[in-house]
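Working through the structure, step by step
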Amino acid sequence: MRCERCQQNTARLTVTLKTKDGTKTSHLCPMCALTLPTFYTPHTKAVRPDVSCSVCQMSLSEFRQGGRLGCSNCYEVFQLDLADVLNRVQGTDHHVRPLPESEKKAEPTDALRGLRQALKDAVEAEDYYLAATIRDEIREKEERN
Amino acid sequence: MTMDTNTHGDIAFSSRVRLARNLKDIPFPERLDDKQAAEVSKKISDAALRLAGDEKWHDLALKTIDPLHRQALVERHLVSREMLGGMHDARLLIRDDERLGVLVNEEDHMRIQALRPGFDLTEAYEEAADLAARLEGILNIASLPTYGYLTCCPTNVGTGMRASVMVHLPALARADLIPKLLQTLSRSGFTLRGYSGEGSSAEGDLYQISNQVTLGRYEKDILSDLSEITLQVIDSEKRSRQAFFDADPVAYEDRVARAYGILTNAVSISHQEAMSLLSTLREGVERGVRQTPDIETINDLQLTIGPANVAWRENVEPDLRGQDALRADMIRHRLKENHTHD
Ligand SMILES: [Zn+2]
Ligand SMILES: [Zn+2]
């Protein structure tokens, strides 16, 4: 299934929002889910939209409780939380791999340009956790300017 | 790794490498219903048995085989105790020599495991990795550049590799140094547990050293660190044995001789007593206090005198008293066959 928003990426998450007219379910890719204003962060206690995996239906709260994944797709759905879990149990949150060019340090003047490229690379590599971190950094820099 | 050598085969009982792999976008075993589990099981067994070619492999459906047979597989460490809990179309595909196998639908869809006698991590890894790569060639295996191979539990993600060496540590156990050793090991990302896996007590003083970290490191680095740490453990076991020997050589020799005496004469013997005496005998043979039996015979006995194995092989009910007599009989015969004049 394609993502309802971008019509491009695979829809990996099912997001259920409770509104006054009932519940609304959307099938999104992790990148589009990140742009939702109410999307959770790893440190949000209460999860406002109910996020679950489109393949195995594991929900975020179920994952937080059990600490185990339900299928390979869950790794993309819960990656915001996963970084904390992996740092705790493995002492790192990344597999060994060669560093992409954009992650190597960029000139300070080119910071924003570098970050935008890095965001693009991260999305292409489907590394949404990295993408989310870069996105926040870009926002912060833009607000400061 | 240049450090692996079979000269440490006396203290190192066996080496094992296990690689966890899963199918992409199919729920992990604990989230499968019976029908899906059967499909996954079939898909993987078909692939693995196709790759086996002319080699003789066994396909054991763990739900339907005799429970005693299943228990015997646990005692020989071919199936984990946990696997007996929630199994749903779990299978063990195993080569006739029991040195290469695939556990299907345990915690992960596949656990490819290779076992070698002695200290031989390199060979065990190569054999497991080769089968894993060939399976990956025909199955759609789940991995991501960020996380490596994806597994049900985040403690296995990345390489999906758990490598271990089983070591015989009677002197360190006698000197009460096991808890300290465990602390040292866990500081460097390794762990130690008893052969039987329950708590810290170890049947026959056999312990397993294995890696805990599976993410962010290359397989070869994990293996070479594990080799190095195992060599250090072997070295301190040797020093501890020497200290016991030096303190009272006569008592040392006497202990070994008595163990041999009981093992070759007992008419009835419990599993626990037999394991403990075999451990003493093994230490004596390794030190050269005795020339027989050979270590192979002891290895073999240690793996095959568990209650389920005795009952399964002798085709009897696992009734305690009868079983102790059968065990004593078996040990007596094996040790006498192996006896030369010394
Ligand atoms: Zn999208
Ligand atoms: Zn899932």
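Relevant structure appears above.
The shown structure was predicted, so the numbers you read here are calculated from the model rather than taken from an experiment. All residue numbers refer to positions counted from 1 along the written sequence of the respective chain. Working convention: letters from A go to chains and numbers from 1 go to ligands, in the order in which they are written. Per-residue local features are limited, in this predicted model, to residues with pLDDT of at least 70; the limit for side-chain atom pairs, both in listing and counting, is 80 or more; totals at the level of whole chains, interfaces and linings are taken over all residues. Neither water nor hydrogens contribute to the side-chain values; these are computed over all heavy atoms in the structure.

**A short note on the coordination of the zinc ion (ligand 1)**
Sodium, potassium and calcium take a 3.2 Å donor cutoff, other metals 2.8 Å, and in both cases only N, O and S atoms count; water is not among them, so sites may look incomplete. At 2.3 to 2.4 Å from the zinc ion (ligand 1) lie its protein donor atoms, namely C3 of chain A (SG), C6 of chain A (SG), C29 of chain A (SG) and C32 of chain A (SG). In short, tetrahedral needs four donors with all angles between 85 and 135 degrees, square planar needs four and octahedral six donors with opposite donors over 155 degrees apart and all other angles between 65 and 115, and whatever is left is irregular. For the zinc ion (ligand 1), the four donor atoms in the first shell make angles of 101 to 119 degrees at the metal, so the coordination geometry reads as tetrahedral.

**Re the sheet that holds strand β9 (residues 190-194) of chain B**
Residues and elements named next belong to chain B. Here we have eight strands laid out as an open sheet, ordered β2-β3-β4-β5-β1-β8-β10-β9, and antiparallel in their pairing. Of all strands in the sheet, those bounded by a partner on one side alone are β2 (57-61) and β9. Taken pair by pair, the neighbouring strands of this sheet meet at an average axis angle of 20 degrees, ignoring direction. Pairing between two strands requires that DSSP report at least two bridges joining them. A run of H or I in DSSP counts as a helix once it spans at least four residues, and a run of E counts as a strand once it spans at least two, with each numbered from the N terminus. Note that β2 and strand β3 (residues 91-95) share five bridges and pair antiparallel. Looking across to β3, one finds that A61 is bridged to R91. Every residue pair with non-hydrogen atoms within 4.5 Å of one another is taken to be in contact. Every angle, taken between N-to-C directions, lies between 0 and 180 degrees, and every axis is a line fitted to C-alpha atoms, over only the stretch in contact when it is a helix. Lying on the sheet, helix α3 (residues 121-138) is in contact with β1 (12-21), β2, β3, β4 (100-104), β5 (110-117) and β8 (161-168); it crosses β1 at an angle near 20 degrees.

**Side note on the interface of chain B and chain A**
For interface size, the figure often reported is the accessible area lost on association. Contacts between the two partners involve 32 residues from chain B, matched on the other side by 29 residues from chain A. When chain B packs against chain A, close to 2,500 Å² is buried across both sides, 57% of that on carbon and sulfur atoms. Considering only the surface of chain B that becomes buried against chain A, R31, Y147 and P154 of chain B emerge as the three largest contributors, covering 27% of it. Think of a salt bridge as a Lys or Arg side-chain nitrogen and an Asp or Glu carboxyl oxygen that are within 4 Å of each other. Run the count over chain B and chain A and you get three salt bridges. For R68 of chain A, the salt bridge identified is with E30 of chain B, shortest N-O distance 2.9 Å. Distance and chemistry together define a polar contact, namely a pair of N or O atoms within 3.5 Å, with one atom able to donate a hydrogen and the other to accept it when in protein, and with adjacent residues in sequence counting only for side-chain atoms on both sides. For the pair chain B and chain A, the interface holds 13 residue pairs in polar contact (both at pLDDT 80 or more). Looking at the side of chain B that touches chain A, its residues break down into 16 nonpolar, ten polar and six charged. Here the quantity called buried area is the accessible surface, traced with a 1.4 Å probe, that two parts lose on coming together, added over both. Side-chain classes follow a simple rule in which Ala, Val, Leu, Ile, Met, Phe, Trp, Tyr, Cys and Pro form the nonpolar group, Asp, Glu, Lys and Arg form the charged group, and the remainder, Gly included, forms the polar group.

**Notes on unusual backbone geometry**
Residues and elements named next belong to chain B. The linkage connecting T292 with the following residue, P293, adopts the cis geometry, with an omega of -5 degrees. Tracing the sequence through the fold places P293 in the loop between α8 (271-287) and α9 (295-304). The backbone of D176 shows a phi angle near 60 degrees, a positive value even though the residue is not glycine.

**Some remarks on helix α1 (residues 34-52) of chain B**
Residues and elements named next belong to chain B. By definition here, a helix of n residues has an expected span of 1.5 Å times n minus one. For α1, which comprises 19 residues, the first-to-last C-alpha distance of 27 Å matches the rise-based estimate of 27 Å (1.5 Å per residue) to within 8%. Buried residues are those whose accessible area, probed at 1.4 Å on protein chains only, stays under 20% of the maximum for their type, while exposed residues exceed 50% and partly exposed ones sit between those limits. Those residues of α1 not exposed but buried are A37, V40, S41, I44, S45, A47, A48 and A52. Viewed along the axis of α1, the buried residues span an arc of 165 degrees, placing them on a single side of the element. Opposite the buried face of α1, at more than 90 degrees from it, the exposed residues are K35, K42 and R50. Residues of α1 that are buried in the fold lie against β2, β3, β4, β5 and α3. Capping of α1 at its N-terminal end is provided by D33; its side-chain oxygen lies 3.1 Å from the backbone amide nitrogen of K35. The directions considered for the arc run from the helix axis to the C-beta atoms.

**So, the coordination of the zinc ion (ligand 2)**
Each donor-metal-donor angle would ideally measure 109.5 degrees in four-coordinate tetrahedral geometry, or 90 or 180 degrees in six-coordinate octahedral geometry. Residues and elements named next belong to chain A. Here the zinc ion (ligand 2) is held by C53 (SG), C56 (SG), C71 (SG) and C74 (SG), and the distances to it run 2.3 Å. Seen from the zinc ion (ligand 2), its four donor atoms lie at angles of 97 to 122 degrees, and the figure they make is tetrahedral. For the zinc ion (ligand 2), all donor residues lie on one chain, and their spacing in sequence is C-x2-C-x14-C-x2-C. The same class applies to C53 and to C56, which are both buried.

**A short note on the packing of aromatic side chains**
Each aromatic pair joins two rings of Phe, Tyr and Trp (for Trp, the six-membered one) with centres within 6.5 Å, and gets the label stacked for planes under 30 degrees apart, edge-to-face for over 60, and tilted for any other angle. Counted under the stated rule, the structure contains three aromatic pairs over all chains. Between F63 of chain A and F78 of chain A, the aromatic rings sit 5.0 Å apart at their centres with planes inclined by 10 degrees, giving stacked as the arrangement. Taken as a pair, F63 of chain A in helix α2 (residues 60-66) and F78 of chain A in the loop between α3 (74-77) and α4 (79-90) lie far apart in primary sequence, 15 residues in all. Assigned by exposure class, F63 of chain A and F78 of chain A land together as buried. Taken together, a centroid distance of 5.3 Å and an interplanar angle of 80 degrees make the contact between F245 of chain B and Y252 of chain B edge-to-face.

**Comments concerning helix α7 (residues 249-265) of chain B**
Residues and elements named next belong to chain B. The end-to-end C-alpha distance of α7 is 24 Å, a good match for the 24 Å that 17 residues give at a rise of 1.5 Å each. Every buried residue belonging to α7 is among Y252, V256, A259, Y260, L263 and T264, and all of these are buried. Within α7, the buried residues cover an arc of 120 degrees as seen down the axis, which keeps them to one side. Facing away from the buried surface of α7 by more than 90 degrees, the exposed residues are V250, R258 and N265.

**Quick word on the pairing of β4 of chain B**
Residues and elements named next belong to chain B. For β4, the buried fraction is high: five of the five residues fall into the buried class. Across the two faces of β4 the burial is the same, with L100, V102 and V104 and G101 and L103 all buried. Pairing of β3 with β4 involves four bridges; the strand directions are antiparallel. Its bridge partner lying in β4, L93 is registered against V102. Hairpin connection of β3 to β4: four residues between the antiparallel strands, including E98 at a positive phi of 60 degrees. Hairpin connection of β4 to β5: five residues between the antiparallel strands, including N105 at a positive phi of 60 degrees.

**Let's talk about the environment of A37 of chain B**
Residue and element names in this part refer to chain B. Along the chain, the position of A37 falls in helix α1. When its relative accessible area of 0% is taken as the criterion, A37 is described as buried. Put simply, A37 and N156 are 119 residues apart on the chain and 21 Å apart in space, counted from C-alpha to C-alpha.

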